[in-house]
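Close look at the chain arrangement
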Amino acid sequence: MKDVTSIPPFGSGSSDGADFDARTPALVLRLDRNPFHHGTLGAIRSLGRAGVEVHAVVETAHSPAVRSRFLHRAHPGPAGPVDAEALVETLLRVSDRIGRRAVLIAMDDLSAISTAAHANRLRERYCLPDQPAELPARLADKAGLAGLCAEAGIAHPPTVVPRDGDEAAGAARTLGLPMVAKWSRPWLLGAATGLRSTTLVRSAEAARALWEQAGAAGSGLLLQRCIPGGPNTDWFFHGCFSRGPVDPVSRGPAGPVCLLGGSGRKELSWPVRTGLTAKGRWLPNSEVERAALRLVSHVGYRGILDLDFRRDRHTGAYQLLDVNPRPGAQFRLFTDRHGLDVVRALYLDVTGQPVPAQSGGPGRVFVAENYALLSALVTAGEARGRPVTGRPGRPGPPPPPAAAVETAWYASDDPLPFLAMARAWFGRGLAKAAHRLRPGAAGPGRRAHRADRRTP
């Protein structure tokens, strides 16, 4: 393992104030089918505001992100299953339309893993981080993450990878109930399976039933000890890493350099306590930051990384739960006072430009309006059902100081995506409600989840 101290501090890029050269176009790539992925819109706006000609591969021409004034052109993704040939053919076709080499920004795990795996066929057309082809898949594989954490000395929840249904059921004795069940490679889950990437299982039989669906999931099941959530327990880290300078002794690269990075705390999530960041705040956390740097140093990663942590309230340790080798949807939280974020840092780095030193930012707040609304409603409902504790009239903690707030969808200089999202969001909600009212509407994965919820 490389020495963590070999990685310079955050924002260690050049501070020479060089202008942003936006002449190279960019392609924002997302291969999953989620039209409400606000991170895609964030990448489009970030680069577009800097003057970059931004293209995007989208799942549908009706995606809210397509309405952004900062998007130069939208391109359809592969029509069917995304295999290697379909991906490469799509990207080569899009490259022909762009007309010159472009920076490729992968926005989901499947995109990041697939483009890294086939980088040798894409480098003539696209600027990509220079790293081993298999590294993004190795980091995103949840079954292998426990081994990586053990090697690097990073806290990780106790994990069992069952070989059969009996071992899955037996894990309840080892890990306790409830357990967290995850599919090792969630980017392989098909929408038709009805399976969730992460499920809370409350019985040994529910774990056995879930393991039996491994064939449909496309990857193995792993079970983890549940680290209870709560106020101030969920944290994340975003960073953009580059190849370090040549070591004068070994004449090889000295290790990854963090061009821009920061830690943040989830204040609302959707689904509540288990899902994406609906509201987050940029807060320095030295333990989270050290763990992130230790992992990057251990594997030699280059590019954008998004890590999820949960603090164990019993031990105080920050457990690394997930690694995503691409920007998280809330990456715009980590934007400094000059507009530098991880997407812009990657653009500058792969086009050979100096990355300015990070300048301010902690305290900023990010809100994904649609998910924050749902999370706040559920959280308020749960609070009404809990008994009141403490002395009457006892003052609570002081409110945090006022901070810059960035919303995922609404922007005064680009309002149409917000309107398109709101219209599609409420339309989709009504359609789902109507579907659930029909008898027999739940698929096998959904029925298994409901059966698990009924288990005492």
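All chains use their own residue numbering, which begins from 1 and follows the written sequence. With pLDDT at 70 or above as the cut-off, local features in this predicted model cover only qualifying residues; side-chain atom pairs require 80 or more to be listed or tallied, and sums for whole chains, interfaces and linings still use all residues. The basis for every side-chain value is the complete set of heavy atoms in the structure, and neither hydrogens nor water enter the calculation.

1. Side note on the overall build of the protein
By definition, any uninterrupted DSSP run of H or I lasting at least four residues is a helix, any uninterrupted run of E lasting at least two residues is a strand, and each is numbered from the N terminus. From N to C terminus, the protein includes 14 helices and 16 strands. Note on classification: 1.4 Å probe, protein chains only; a residue is buried when its accessible area is under 20% of the maximum for its type, exposed when over 50%, partly exposed between these limits. Buried residues in the protein amount to 51% of all 456 residues. The criterion used for residue contact is that any of the two residues' heavy atoms lie within 4.5 Å. At a minimum sequence separation of 6, the contacts of the protein that also span at least 24 residues come to 71%. Using a 1.4 Å probe, the Shrake-Rupley method yields the accessible areas, and only the shown protein chains count as cover for residues. When the accessible surface of the protein is split by element, carbon and sulfur atoms take 55% of a total near 21000 Å².

2. A look at the sheet that holds strand S9 (residues 221–225)
If DSSP finds at least two bridges between two strands, the strands pair. Taken together, the four strands give an open sheet; going across it, the order is S6-S9-S7-S8, and neighbouring strands pair in antiparallel fashion. Edge positions in the sheet fall to strand S6 (159–160) and strand S8 (198–201), since each has one partner strand and no second. Both S6 and S9 contribute to a ladder of two bridges, which runs antiparallel. Considered in S9, the bridge of Val 160 is made with Leu 223.

3. Details of the packing of helix H6 (residues 142–152) against helix H10 (residues 286–299)
Every axis corresponds to a line fitted to the C-alpha atoms, with the helix fit spanning only the stretch in contact, and the corresponding angles, defined between N-to-C directions, vary from 0 to 180 degrees. Packing of H6 against H10 leaves a shortest axis separation of 10 Å and a crossing angle of 95°. One finds that H6 runs roughly perpendicular with respect to H10. Residues Leu 148, Glu 151 and Ala 152 of H6 pack against Arg 294, His 298 and Val 299 of H10. Of the residues belonging to the contact of H6 with H10, the class tally is three nonpolar, one polar and two charged. Geometric relationships in this document are graded by angle, where less than 35 degrees denotes roughly parallel, more than 145 denotes roughly antiparallel, 65 to 115 denotes roughly perpendicular, and other angles denote oblique. Each residue receives one of three labels: charged for Asp, Glu, Lys and Arg, nonpolar for Ala, Val, Leu, Ile, Met, Phe, Trp, Tyr, Cys and Pro, and polar for the others, Gly being one of them.

4. Some remarks on the sheet that holds strand S2 (residues 54–58)
Strand order in the open sheet made by the five strands is S3-S2-S1-S4-S5, with parallel pairing throughout. Among the strands making up the open sheet, the edge pair consists of strand S3 (71–76) and strand S5 (126–127). The sheet strands contacting helix H11 (residues 342–350) are strand S1 (26–29), strand S4 (102–106) and S5, and the helix crosses S4 at an angle near 145°.

5. Some words on the environment of Ala 217
Mapped onto the elements, Ala 217 comes out in helix H9 (residues 214–217). Using a relative accessible area of 0% as the deciding quantity, one classes Ala 217 as buried. Residues in contact with Ala 217, not counting those within four places in the same chain, are Trp 183, Leu 188, Leu 189 and Leu 195.

6. A few points about the pattern of salt bridges
Salt bridge criterion: a side-chain nitrogen from Lys or Arg within 4 Å of a carboxyl oxygen from Asp or Glu. Inspection of every chain in the model, using the stated rule, returns 25 salt bridges. Arg 138 is the partner of Glu 151 in a salt bridge, and the nearest nitrogen-oxygen pair spans 3.7 Å. With Glu 151 in helix H6 and Arg 138 in helix H5 (residues 135–140), the pair connects residues that are 13 residues apart, well separated along the chain. Classification of Glu 151 by relative accessible area gives partly exposed; the value is 47%. Judged by relative accessible area, which is 41%, Arg 138 ranks as partly exposed.

7. Quick word on the nonpolar core
Here, nonpolar core refers to any group of buried Ala, Val, Leu, Ile, Met, Phe, Trp, Tyr and Cys residues whose side-chain atoms link them within 4.5 Å. Counting 49 residues, the largest nonpolar core has Ile 44, Leu 47 and Val 343 as the members making the most contacts within it. Ignoring sequence-local partners within four residues, the contact set of Val 343 consists of Ala 43, Leu 47, Ile 105, Ile 304, Pro 327 and Phe 331. Counting 25 residues, the second-largest nonpolar core is a separate cluster that includes Ala 291, Leu 295, Leu 307 and Tyr 318.

8. Focus: the packing of helix H1 (residues 38–49) against H11
For any two helices packed against each other, the geometry comes down to the angle between their axes and how far apart the axes lie. Here H1 crosses H11 at 55°, and the two axes come no closer than 9 Å. In this view, H1 runs oblique relative to H11, as classed from their interaxial angle. Two packed elements cross with a definite hand, and for H1 against H11 that hand is right-handed. Contact residues: H1 offers Ala 43, Ser 46, Leu 47 and Arg 49, while H11 offers Val 343, Arg 344 and Tyr 347. In the contact of H1 with H11, the residues fall into four nonpolar, one polar and two charged. When the near helix sits turned anticlockwise from the far one by under a right angle, the crossing is termed left-handed; a clockwise turn instead gives a right-handed crossing.

9. Re the packing of aromatic side chains
Stacked, tilted and edge-to-face pairs are distinguished by plane angle, under 30 degrees for stacked and over 60 for edge-to-face with tilted covering the rest, among Phe, Tyr and Trp rings (Trp via its six-membered ring) whose centres lie within 6.5 Å. This model, assessed by the stated rule, comprises eight aromatic pairs. Measuring from ring centre to ring centre gives 5.2 Å for Tyr 371 and Trp 425, while their planes differ by 85°; the resulting arrangement is edge-to-face. With a gap of 54 residues between them, Tyr 371 in helix H12 (residues 369–384) and Trp 425 in helix H13 (residues 416–437) connect regions that are remote in the sequence. These aromatic residues form a ring-pair network of at least three members: Phe 36, Tyr 371 and Trp 425. Taking the ring centre of Phe 70 as reference, the NZ or CZ of Arg 69 above it sits at 4.8 Å. Our definition puts a charge over a ring when NZ of Lys or CZ of Arg is within 6 Å of the ring centre and also within 35 degrees of the ring normal.

10. Some details on the pairing of strand S12 (residues 276–282)
Buried residues dominate S12, accounting for five of its seven residues. Both strand S11 (residues 257–270) and S12 contribute to a ladder of six bridges, which runs antiparallel. Residue pairing across strands places Leu 268 opposite Lys 279, the latter belonging to S12. What sits between S11 and S12 in their antiparallel hairpin is a turn of five residues, with Arg 273 showing a positive phi close to 70°. In terms of strand pairing, S12 meets strand S15 (residues 365–367) through three bridges, oriented antiparallel. Directly across from Arg 281, in S15, lies its bridge partner Val 365.

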